[in-house]
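# Structural description and commentary
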Amino acid sequence: MTTLPLVIRPETSRDNDAIERLHERAFGPGRYARTAFRLREGVRHLPDLSFTALVGTLLVGSIRVSPARAGATPLLVLGPLTVDPAFGSRGIGGALMRASLDAARAGGHGLVILVGDAPYYARFGFRVLPPRKLTLPGPVDPGRFLGLELREGALAETGGSVVGGSA
């Protein structure tokens, strides 16, 4: 973990502007063209699964989770996970991931997907999804399309095109 005086707490509506500035610094304007962003576009993230990291009063990290579905089967889309570059490599991303995944498990959710770096997310249990099991609304490197079963058998119950939002 980190030696910073870090506080992980649920995201509030007051955090929106700071999170948007954080996303801009971390991802730049090209983030709007990415498939993962397009999947979340127009879909409100879930406040009970979205968290922020603060050092003092400074927001230094954020994780958001949005609802999605493949056919009638609900699932979660994790992302973006963002840490201020000045606070990288201090365990903040891991703390945010654990808070969000613990809340998703406690909420009875079955499957979480994301587009991201497989070696980083593997430590949380994410694995590359089987080819053509799920498809996203745009191009994605198959080696970066990852999933995590929060409930055994959830992936087997899910297939097809993923769309943002709940049923």
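- If you look the protein up in an unreviewed UniProt entry, it shows as GCN5 family acetyltransferase from Methylobacterium platani.

## Some thoughts on the pattern of salt bridges
- Counting across every chain of the model gives five salt bridges.
- For D102, the salt bridge goes to R105, with nearest N and O atoms at 3.7 Å. Of this pair, D102 and R105 both sit in helix α3 (residues 92-106), three residues apart, roughly one helical turn.
- For D102, a relative accessible area of 48% puts it in the partly exposed group.
- For R151, the salt bridge identified is with E157, shortest N-O distance 3.3 Å.
- Residues joined in a network through salt bridges with shared partners are E11, E20 and R64.

## Comments concerning the side chain of E11
- Locating E11 in the fold gives a position in the loop between β1 (6-10) and α1 (16-27).
- Setting aside its immediate chain neighbours within four residues, E11 contacts N16, I19, H45, S50, F51, T52, S62, I63 and R64.

## With respect to the side chain of S62
- Of note, S62 is situated in strand β3 (residues 58-70).
- Among the residues examined, S62 registers a relative accessible area of 0% and is labelled buried.

Parameters at a glance
- Residues numbered from 1 in each chain as written.
- Predicted model: local features only at pLDDT ≥ 70, side-chain atom pairs only at ≥ 80, totals over all residues.
- Heavy atoms only, no water.
- Salt bridge = Lys/Arg side-chain N within 4 Å of Asp/Glu carboxyl O.
- Helix = DSSP H or I, 4+ residues; strand = E, 2+ residues; numbered from the N terminus.
- Buried < 20%, exposed > 50% of the residue type's maximum accessible area, 1.4 Å probe, protein only.
- Contact = heavy atoms within 4.5 Å.

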